[in-house]
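Single-letter residue listing:
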Amino acid sequence: MVKLLMIADDFTGALDTGIQFAKRGAVTEVYTDPDVELRNTKADIVVIDAETRHMSGPKAFHTVKLLLHRAFEAGIPYIYKKTDSALRGNVGAELAAMCSTDQGRVHFVPAYPKMNRTTKNGIQYISGVPLAKSVFGSDPFEPMLSSSIPEIIAKETKEKVTLVPGGIEPAFTSHGIYLYDAESDQDLRRIARTLSDSMELHYTAGCAGFANAIADVIRLSDHPKPLPAVPSDLLSVIGSVNPVTVRQMDAAEKKGMKRIHFDAAMRLDATWAESPEAEKTIHSWLSTLQDEGALILDANAKGAATDTISPENRETIARNIGSIVRRIFKEKPDVTWLFSGGDTLHGSMDAVGIKRIQPIMELMPGAVLSSIEYEGKTVYCISKSGGFGEENLITELHELLKERGENV
């Protein structure tokens, strides 16, 4: 029986949060199909990528509420609403849906200290900088113009927000959203234990940081899986425009990793992936990958500012990246994939026809190794959110894969 249902707002977030349970040995399955039958799976943890990040607020509310209803019918005791650590998307609407339960409240802990996301006095900080002044304040699609979490929530719901300062144990007497300050992993564990002792851990929300603390408390399993033998060649497919990811690609390229910038046809022409030109181009990419051991496919046009990608083209680009990935999958190269950006991962898996993915382990904070089954073959992929990771993440992942390959 499923012990915990996690409702995620995007695909990479579904994986980097679900892995907090999987890395302890809990059977964890991530689905892109919201209609998955919750009673038939043998998983301990089911994560549904509800793709609510880019929905309208009312639609996100309805989507989460419908999944909650199905979870109640299936008798699932714990519900976790995964939200973005930079508060993007429909956080207020989704938390309001969580408040529609019989309990009438949800405990929201948005901090992720390992990734330098902290909450103090209800303000979200990114590497010590208030959210609105961080790189997320200038996001070309979803600029975060406020750092105050209550203000962000209030844009979508009138539910009462009760701020719980660090070290305070609240009296759970009112309905609404309980928002917790947290600046360290110790804070997260303390909050999880307090909620567990008070029988309040059943309806919670946050990102991977608090999910990790919950996994420590409810302990569904404590038998982590070893790193499997994975291909050492790394094929990176990057659709994220986040400056963090761009710097990671720049750093990898400076160290000699080949980087291919998609041109306008690759990004915006839905027919390109099936053209004779695409066949020739993809074969040249795979030849480079075989010779070099690593390749970056960058969906951002070379030298183009991020604001040249209009919101209208965002879905088109993700879909076309998926079509290109499908063509490469047909060649069945023995590689490990790296996907950065939730839209990129979702578009690629959708194009290949993958609805279920199993997270295996966190190779480094925010970078999750997962397996998928494709035409009878196990394929390994690494996923990461656009704003996660240190500058040398791509090269360090490639070195890790090579070291692992040498030791097999």
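Structure's up top.
Here the structure is a predicted model, which is why all the values come from computation and not from measurement.

Conventions we followed
- Residues numbered from 1 in each chain as written.
- Predicted model: local features only at pLDDT ≥ 70, side-chain atom pairs only at ≥ 80, totals over all residues.
- Heavy atoms only, no water.
- Helix = DSSP H or I, 4+ residues; strand = E, 2+ residues; numbered from the N terminus.
- Rg over C-alpha atoms; globule rule 2.2 N^0.38 Å.
- Buried < 20%, exposed > 50% of the residue type's maximum accessible area, 1.4 Å probe, protein only.
- Areas by Shrake-Rupley, 256 points an atom, 1.4 Å probe, with all protein chains shown as cover.
- Expected span 1.5 Å × (residues − 1).
- Arc of directions from axis to C-beta.
- Contact = heavy atoms within 4.5 Å.

(A) Seen up close, the overall build of the protein chain. Helix and strand counts for the protein chain stand at 12 helices and 18 strands. Radius of gyration (C-alpha) of the protein chain: 21 Å, near the 22 Å computed for a compact globule of 408 residues. Each principal axis of the C-alpha distribution contributes one length, and for the protein chain these read about 65 × 40 × 35 Å. Looking at the protein chain residue by residue over its 408 residues, the buried ones come to 59%. Split by element, the accessible area of the protein chain, about 16,600 Å² in all, is 48% carbon and sulfur.

(B) Representation of helix H5 (residues 185–197) in the model. With 13 residues, H5 should reach 18 Å at 1.5 Å per residue; the first-to-last C-alpha distance of 18 Å fits that figure. Taken together, the buried positions of H5 are occupied by Asp187, Leu188, Ile191, Ala192, Thr194 and Leu195. Summarising the axial view, the buried residues of H5 lie within an arc of 160°, below the 170-degree limit, and thus occupy one face. Seen from the buried face of H5, the exposed residues on the opposite side, beyond 90 degrees, are Gln186 and Asp197.

(C) Spatial organisation of the side chain of Ser236. Tracing the backbone through its elements, the reader meets Ser236 in strand S12 (residues 234–238). Beyond its immediate stretch of four places on either side in the chain, Ser236 contacts Leu295, Ile296, Leu297, Leu338 and Ile394.

(D) Main features of unusual backbone geometry. Within the chain, Ser127 stands out as a residue other than glycine whose phi angle is a positive 55°. As for its position among the elements, Ser127 is in the loop between strand S7 (123–126) and strand S8 (129–130). One non-glycine residue, Met199, adopts positive backbone phi at about 60°. Among the secondary structure elements, Met199 is positioned in the loop between H5 and strand S11 (203–206).

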